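Working through the structure, step by step
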Amino acid sequence: MTTEKIPYKIYLEEHEMPTHYYNLRADMKKKPAPLLNPGTGQPLTFEEMQPIFCDELIKQELDDETQNVPIPQEIRDFYKMYRPSPLVRAYCLEERLDTPAKIYYKFEGNNTSGSHKLNSAIAQAYYAKQQGLKGITTETGAGQWGTALSMACSYFQLDCKVYMVKVSYEQKPFRREVMRTYGASITPSPSDTTNIGRKILEEFPGTTGSLGCAISEAVEVATTNEGYRYVLGSVLNQVLLHQSIIGLETKTAMDKYGIKPDMIIGSAGGGSNLGGLIAPFMGEKLRGEADYQIIAVEPASCPSFTRGKYVYDFADTGKVCPLAKMYTLGSGYIPAPNHAGGLRYHGMSPILSEIYDQGLMEARAVAQTDVFEAAEEFARVEGILPAPESAHAIKVAIDEAKKCKETGEEKTIVFGLTGTGYFDLVAYQKYNDGVMDDYVPTDEEIAASLATVPQIG
Ligand SMILES: *Cc1c(COP(=O)(O)O)cnc(C)c1O
């Protein structure tokens, strides 16, 4: 242990930056279950995925063996513009909580898109460019992923077509304008630009759309336009691979000062930031080299880990995507309106699902108003206005630090602060006005949704 005082922010020198992504699957004895073709029920092959996804990304998706995947120089050059992201020692929060715990957070909101999603967006855009594609398509809900992808596409001069859930397109114009500023074309979904969109509009005139519908449109456009492929911002193995940059930087920075975390905490929507943050630590755990307590935090309104089932399910509401074995609430599950848009997905990363099923990780579900209370407490002492998604991790970090005060334990806690809350001020307004609700689904509602999952195996 070094005697040097730990700085408020631990940065890395350029030569300390990761040169490879870390593929956690390589160290898993029992691998995550493969994606299945919904038509045949068989594992999806490279050839079957080729019309939808970029070739190199399919290889990464299917590769359970290569431990360290080189990060191409062009991606590393882009990362230099906003990475390393700061690892901050939350001295002010510790003092306010009067806790003996040592709290650190890894802040991913220091780029224009405002979240960790840019880490994977730039990689995906790079591989699309390498393949000589004209452009990529995607869906976005509240807009974090679409914003990140727009930035990545403009950097590599790729066309970017974003299908944005209509209600968000109308109610959340700011991220939309960021995307347009970066040159992306944004279509409110459902739209009359696709067969599936026209069909949905005919069946449900006046619908304000859903993520599942936007996915179906984006996939249709990718597969029917020469030189286009579809990309996704979370859940998939490849996305967790790219997000390992978060954990690798965190571990290098902590190792530099001889710090070993006892506890690692992250918010879990589709699992990409958490999977990335914990990757190198979980690797050590799997190899029997070290032990860490790892906690996934999800909203009580969308409790995939804590109340879902580990089964094969459709990845999207429209049932056009492959089947994934994951903790799921059922692909038709519609969570109560929750302001953490990035945590409203019905399923979870197959990698994290397998890790959780093996008992290597815990999960907690937290109520929305408690999350905003923690967000406010954090903002007032640490200065950063957190995204509601990120505040889920803050909530549990604060809970654990308070427990340390009771027991006198000097635990080292690190959590992922995935983004800023500047575009989420309507949610803060609701909280400040005291009109935010804490709807938690009943067992009957979850059972009804789970009854619709396909019977596989
Ligand atoms: C999308 C998002 C999340 C959740 O997504 P994961 O894939 O689970 O990481 C968390 N925080 C922010 C700020 C997001 O934009």
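Residues numbered from 1 in each chain as written. Predicted model: local features only at pLDDT ≥ 70, side-chain atom pairs only at ≥ 80, totals over all residues. Heavy atoms only, no water.

Some remarks on the sheet that holds strand β9 (residues 228–230)
Reading across from one edge, β8-β7-β6-β9 is the order of the 4 strands in this open sheet, with parallel pairing throughout. One side of each edge strand has no neighbouring strand; the edge strands of this open sheet are β8 (185–189) and β9. Sheet twist, expressed as the average angle between the axes of neighbouring strands with direction ignored, equals 25°. In the sheet, strand β6 (residues 135–140) pairs with strand β7 (residues 159–165) via 6 bridges, with the strands oriented parallel. (Pairing = 2+ DSSP bridges. Helix = DSSP H or I, 4+ residues; strand = E, 2+ residues; numbered from the N terminus. Axes fitted to C-alpha atoms, helices over the stretch in contact; angles between N-to-C directions.)

Regarding the packing of aromatic side chains
All chains considered together, the criterion is met by 17 aromatic pairs. Considering the side-chain rings of Tyr 155 and Phe 156, the 5.0 Å spacing of their centres and the 75° angle between planes classify their relative orientation as edge-to-face. Relative accessible area serves as the criterion here: at 35%, Tyr 155 is assigned to the partly exposed category. Classification of Phe 156 by relative accessible area gives buried; the value is 11%. Following the ring pairs from residue to residue traces out a cluster consisting of Phe 78, Tyr 79, Tyr 82, Tyr 126, Tyr 127, Tyr 155 and Phe 156. The ring of Tyr 91 has Lys 5 lying over it, and the distance from NZ or CZ to the ring centre is 3.9 Å. For Lys 325, the ring lying beneath its charged end belongs to Tyr 310, and the centroid distance is 4.4 Å. (Phe/Tyr/Trp six-rings, centres within 6.5 Å; stacked < 30°, edge-to-face > 60°. Buried < 20%, exposed > 50% of the residue type's maximum accessible area, 1.4 Å probe, protein only. Lys NZ or Arg CZ within 6 Å of the ring centre and 35° of its normal.)

Quick look at the packing of helix α15 (residues 368–382) against helix α17 (residues 425–432)
Closest axis-to-axis distance for the α15/α17 pair is 11 Å, and the angle between their directions is 100°. Overall, the two elements α15 and α17 adopt an arrangement that is roughly perpendicular. When α15 is examined against α17, the residues Thr 369, Phe 372, Glu 373, Ala 375 and Glu 376 are found in contact with a partner set consisting of Ala 427, Tyr 428, Tyr 431 and Asn 432. Residues that form the contact of α15 with α17 fall into these classes: 5 nonpolar, 2 polar and 2 charged. (Parallel < 35°, antiparallel > 145°, perpendicular 65-115°, else oblique. Contact = heavy atoms within 4.5 Å. Nonpolar A, V, L, I, M, F, W, Y, C, P; charged D, E, K, R; others polar.)

Examining a negative patch on the surface
Together, Asp 370, Glu 373, Asp 437 and Asp 438 make up a negatively charged patch on the protein surface. With respect to the element layout, Asp 438 can be found in the loop between α17 and α18 (443–450). A relative accessible area of 33% means that Asp 438 is categorised as partly exposed. (Patch = residues over 30% accessible without salt bridge, like charges linked within 9 Å, V, L, I, M, F, W, Y side chains within 5 Å. Areas by Shrake-Rupley, 256 points an atom, 1.4 Å probe, with all protein chains shown as cover. Salt bridge = Lys/Arg side-chain N within 4 Å of Asp/Glu carboxyl O. Lys, Arg positive; Asp, Glu negative; His and termini not counted. Charge placed at Lys NZ, Arg CZ, Asp CG, Glu CD.)

Structural notes on the sheet that holds strand β1 (residues 9–10)
Pairing within the open sheet is mixed, and its 7 strands lie in the order β1-β4-β5-β15-β10-β11-β14. Looking at which strands have only one partner, the edges of the open sheet turn out to be β1 and β14 (362–366). Those strands touched by helix α12 (residues 272–286) are β10 (263–267), β11 (293–299) and β15 (412–417), and its axis lies near 160° from that of β10.

Topic: α15
Here α15 is 15 residues long and its end C-alpha atoms lie 21 Å apart, about the 21 Å a rise of 1.5 Å per residue gives. Inspection of α15 places Gln 368, Thr 369, Val 371, Phe 372, Ala 374, Ala 375, Phe 378, Val 381 and Glu 382 among the buried residues, and these make up the whole buried set. Following α15 by one or two positions, Gly 383 adopts a phi angle in the positive range, close to 90°. (Expected span 1.5 Å × (residues − 1).)

Some thoughts on the pairing of β7
Burial of β7 is extensive: 5 of the 7 residues sit out of reach of the surface. After leaving β6, the chain enters helix α6 (residues 144–155) and then returns to the sheet as β7, a path that is right-handed. Pairing analysis gives 5 bridges linking β7 to β8, with the strands arranged parallel. Within β8, the position partnered with Val 162 by the bridge is Ile 186. (Right-handed = clockwise from strand over helix to strand, strands pointing away.)

Looking at the site of the ligand
Every one of the 18 residues lining the ligand counts as a neighbour, but Lys 117, Ser 234, Gly 269, Ser 272 and Thr 418 are closest to it. Ser 234 has a polar side-chain atom sitting 2.5 Å from an oxygen atom of the ligand. Separating an oxygen atom of the ligand from a backbone N or O atom of Gly 270 is a distance of 3.0 Å. In isolation the ligand exposes 380 Å². Once the protein is present, 98% of that is buried. Its residues placed into classes, the shell around the ligand shows 3 nonpolar, 13 polar and 2 charged. (Near = heavy atom within 4 Å. Polar contact = N/O pair within 3.5 Å; in protein donor to acceptor, adjacent residues only side chain to side chain.)

Considerations on α18
Every buried residue belonging to α18 is among Ile 446, Ser 449 and Leu 450, and all of these are buried. Axial view of α18: buried residues confined to an arc of 100°, hence all on one face. Counted as exposed and oriented over 90 degrees from the buried face of α18: Glu 444 and Ala 448. Buried-residue contacts for α18 involve α13 (304–307), β12 (309–314) and β13 (323–328). (Arc of directions from axis to C-beta.)

Concerning the environment of Phe 281
On the secondary structure map, Phe 281 appears in helix α12. Counting along the chain gives 45 residues from Phe 281 to Met 326, while the straight-line C-alpha distance between them is 22 Å. Among residues more than four places away in sequence, those in contact with Phe 281 are Gly 247, Thr 250, Lys 251, Pro 261, Ile 264 and Tyr 292.

Things to note about unusual backbone geometry
That bond from Arg 83 to Pro 84 is cis: its omega, 0°, falls within 30 degrees of zero. Looking at the element boundaries, Pro 84 is found in the loop between α3 (73–82) and β4 (87–89). That bond from Ser 189 to Pro 190 is cis: its omega, 5°, falls within 30 degrees of zero. Unlike most non-glycine residues, Gln 157 shows phi in positive territory, near 50°. Tracing the sequence through the fold places Gln 157 in the loop between α6 and β7. We note that Val 235 has phi near 70°; this positive angle belongs to a residue other than glycine.

Structural notes on the side chain of Thr 328
Checked against the element boundaries, Thr 328 lands in strand β13. A distance of 2.7 Å separates polar atoms of two side chains, one belonging to Thr 328 and the other to Asp 313. Discounting residues that sit within four places of it in the chain, Thr 328 has contacts with Ser 304, Gly 308, Lys 309, Val 311, Asp 313, His 346, Gly 347, Leu 450 and Val 453.

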